[in-house]
Amino acid sequence: MSDAKDKWLRQEQAVRATQMAFDLSSEVQKLIKKQAIDQELTPSDMIRKILGLDVKSKKTRQRLSFNLNDDEIAQLASRFNVQSDDKRAVKQQVADLLIAHTKNKKVK
């Protein structure tokens, strides 16, 4: 079979995949998400692992993100005494604050 036909068949199988979503208690969701983070997996991959299915994706690099509007950036820039148009400096100051916040916290 040609490479193009193999690729087409794999894509067709991917399209046929069924997504499942679950309304589970927040405690169950939290536990699965914590396990996923501890094992550097996505929650989806953690569920696949729990079910004994193949987990083919690589370990994930966990990132924290949130959105700021221009007013909030200006507010933080003022708080950190940096220029409001220097988003990189604001980002660094936020990262430093988050690191300092976790210094005396215990990860469970």
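Coordinates for the structure precede this section.
Here is a short report on the structure shown in this document. A quick note: this is a predicted structure, and the numbers were derived from the prediction, not measured.

A short note on the layout of surface pockets
Part 1 of the argument: Considering only enclosed or pocket space, the largest pocket measures out at about 720 Å³ in volume.
Part 2 of the argument: As for the largest pocket, its lining consists of 19 residues, of which Leu 64, Phe 66, Lys 91, Val 94 and Ala 95 are closest to the centre.
Part 3 of the argument: Broken down by element, the lining of the largest pocket gets its largest block of residues, 10 residues, from helix α5 (residues 87-102).
Part 4 of the argument: The volume enclosed by the second largest pocket comes to roughly 460 Å³.
Part 5 of the argument: Considering the residues around the second largest pocket, the lining is formed by 15 residues, among which Met 20, Phe 22, Pro 43, Ser 44 and Ile 47 are closest to the centre.

So, a positive patch on the surface
Part 1 of the argument: Side chains of Arg 61, Arg 63, Arg 88 and Lys 91 sit close together on the surface and give a patch of like positive charge.
Part 2 of the argument: Structurally, Arg 63 can be placed in the loop between α3 (43-50) and α4 (70-80).
Part 3 of the argument: Its relative accessible area of 65% is what places Arg 63 among the exposed residues.

A look at the packing of helix α2 (residues 26-38) against α3
Part 1 of the argument: Viewed as axis vectors pointing N to C, α2 and α3 meet at an angle of 95°, and their least axial separation amounts to 9 Å. The angle between α2 and α3 places the two elements in the roughly perpendicular class. Here Ile 32, Lys 33, Gln 35 and Ala 36 of α2 lie close against α3, whose contacting residues are Pro 43, Met 46, Ile 47 and Ile 50.

Quick notes on the rules
Residues numbered from 1 in each chain as written. Predicted model: local features only at pLDDT ≥ 70, side-chain atom pairs only at ≥ 80, totals over all residues. Heavy atoms only, no water. 1 Å grid on protein atoms, 1.4 Å probe; cavity = no way out; pocket = protein on both sides within 12 Å on 5 of 7 lines; lining within 4 Å. Points joined across faces, edges and corners; volume = space filled by probe spheres on them. Helix = DSSP H or I, 4+ residues; strand = E, 2+ residues; numbered from the N terminus. Patch = residues over 30% accessible without salt bridge, like charges linked within 9 Å, V, L, I, M, F, W, Y side chains within 5 Å. Areas by Shrake-Rupley, 256 points an atom, 1.4 Å probe, with all protein chains shown as cover. Salt bridge = Lys/Arg side-chain N within 4 Å of Asp/Glu carboxyl O. Lys, Arg positive; Asp, Glu negative; His and termini not counted. Charge placed at Lys NZ, Arg CZ, Asp CG, Glu CD. Buried < 20%, exposed > 50% of the residue type's maximum accessible area, 1.4 Å probe, protein only. Axes fitted to C-alpha atoms, helices over the stretch in contact; angles between N-to-C directions. Parallel < 35°, antiparallel > 145°, perpendicular 65-115°, else oblique. Contact = heavy atoms within 4.5 Å.

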